[in-house]
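Residues per chain, in single letters:
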Amino acid sequence: MNSKIARDYSRIPGTYVFDGEHNHKGYALNMFCKSLDQESNRAAFQADSSHYLDRFHLSADQRRAVLERDWLGMLRLGGNIYYTFKLAILDGLTMQHVGAAMSANGMSVDEFRAMMIAGGRSIDGNRSVEEWTRG
């Protein structure tokens, strides 16, 4: 486990629970995303994204994830989905676009939508990381 404190939810594959540790790790990233609430900040970010990001103390990995729109990477790096989604909205994306981009097998938006309408991803093989490591 990557977590400093062992948590039951750390064993669920693809799950990034926004707990205290995650909050601490992602503070700068989330404050950047929160700044996009203001029109003037959205305009400044769109005009010169790299320069705008200099205002925040992002790690190199967080900065890369923002610039590359690595949605899952942002969550892994401490991003809160509600904050990182502000960036997606700025790009004109829906939650379905982001969900598809974060899927393990690179689904299209239509495939993701159909999966969700059908009840979501199967639990088989996705209950714990141990299921992924069994051979």
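As the structure is a prediction and not an experimental result, all values here were calculated from the model. (Residues numbered from 1 in each chain as written. Predicted model: local features only at pLDDT ≥ 70, side-chain atom pairs only at ≥ 80, totals over all residues. Heavy atoms only, no water.)

Here we come to the overall build of the chain. Scanning the chain from N- to C-terminus turns up nine helices and zero strands. Put simply, the chain runs from its N terminus to its C terminus through helices and strands in the order α-α-α-α-α-α-α-α-α. In the chain, which comprises 135 residues, the share counted as buried stands at 32%. The long-range fraction of contacts in the chain, counting pairs at least 24 apart against all pairs at least 6 apart in sequence, stands at 46%. Entry remark: accessible area of the chain is about 8,500 Å², with carbon and sulfur atoms responsible for 53%. (Helix = DSSP H or I, 4+ residues; strand = E, 2+ residues; numbered from the N terminus. Buried < 20%, exposed > 50% of the residue type's maximum accessible area, 1.4 Å probe, protein only. Contact = heavy atoms within 4.5 Å. Areas by Shrake-Rupley, 256 points an atom, 1.4 Å probe, with all protein chains shown as cover.)

So, on to the packing of helix α6 (residues 81–90) against helix α7 (residues 95–102). At their nearest, the axes of α6 and α7 sit 10 Å apart, and the two run at 105 degrees to each other. Judged on the interaxial angle alone, α7 and α6 are roughly perpendicular. Residues Ile81, Phe85 and Ala88 of α6 touch α7, and the partners they reach there are Met95, Val98 and Met102. Counted by class, the contact of α6 with α7 contains six nonpolar, no polar and no charged residues. (Axes fitted to C-alpha atoms, helices over the stretch in contact; angles between N-to-C directions. Parallel < 35°, antiparallel > 145°, perpendicular 65-115°, else oblique. Nonpolar A, V, L, I, M, F, W, Y, C, P; charged D, E, K, R; others polar.)

Turning our eyes to something else, we now look at helix α1 (residues 20–35). Over its 16 residues, α1 runs 21 Å from end to end, which matches the ideal 22 Å to within 8%, given 1.5 Å per residue. The largest bend in α1 amounts to roughly 65 degrees and is located at Gly26. Of the residues making up α1, those classed as buried are His22, Gly26, Ala28, Leu29, Asn30, Phe32, Cys33 and Ser35. (Expected span 1.5 Å × (residues − 1). Bend = angle between axes of the 7 residues up to and from the residue.)

This part is about the side chain of Asn30. Mapped onto the elements of the fold, Asn30 is located in helix α1. Residue Asn30 is classed as buried on the basis of its relative accessible area, which comes to 2%. There is a polar contact of 2.8 Å between the side chain of Asn30 and the backbone nitrogen of Asn80. Contacts of Asn30, omitting those with residues within four sequence positions, involve Phe18, Gly78, Gly79, Asn80 and Tyr83. (Polar contact = N/O pair within 3.5 Å; in protein donor to acceptor, adjacent residues only side chain to side chain.)

Now for the side chain of Thr84. Along the chain, the position of Thr84 falls in helix α6. In contact with Thr84, not counting residues within four places along its chain, are Cys33, Trp71, Met74, Leu75 and Gly79.

By the definition in use, this model includes five aromatic pairs. Taken together, the ring pairs connect Phe32, Phe45, Tyr52 and Phe56 into an aromatic cluster. (Phe/Tyr/Trp six-rings, centres within 6.5 Å; stacked < 30°, edge-to-face > 60°.)

Turning next to the environment of Phe85. Among the structural elements, Phe85 can be located in helix α6. Phe85 sits 13 residues away from Val98 along the chain, and the two C-alpha atoms are 8.1 Å apart.

Moving on, we get to unusual backbone geometry. Although it is not a glycine, Arg69 adopts a positive phi angle of roughly 55 degrees. Structurally, Arg69 is set in the loop between α4 (60–68) and α5 (71–76).

The biggest cluster of nonpolar side chains holds 20 residues, and the ones touching the most others in it are Leu29, Phe32, Phe45, Val66, Met74 and Leu87. Apart from residues no more than four positions distant in its own chain, Leu87 is found in contact with Phe32, Leu36, Phe45, Val66, Arg69, Trp71 and Met74. (Core = buried A, V, L, I, M, F, W, Y, C linked by side-chain atoms within 4.5 Å.)

Turning to the pattern of salt bridges, a few remarks are in order. Under the definition given, this model contains seven salt bridges. Where Arg42 meets Glu39, a salt bridge forms, and the shortest distance between an N and an O atom there is 2.7 Å. With Arg42 and Glu39 both in helix α2 (residues 39–47) and three residues apart, the pair spans about one turn of that helix. A salt bridge links Asp91 to Arg69; the shortest N-O distance between them is 2.6 Å. With Asp91 in the loop between α6 and α7 and Arg69 in the loop between α4 and α5, the pair connects residues that are 22 residues apart, well separated along the chain. (Salt bridge = Lys/Arg side-chain N within 4 Å of Asp/Glu carboxyl O.)

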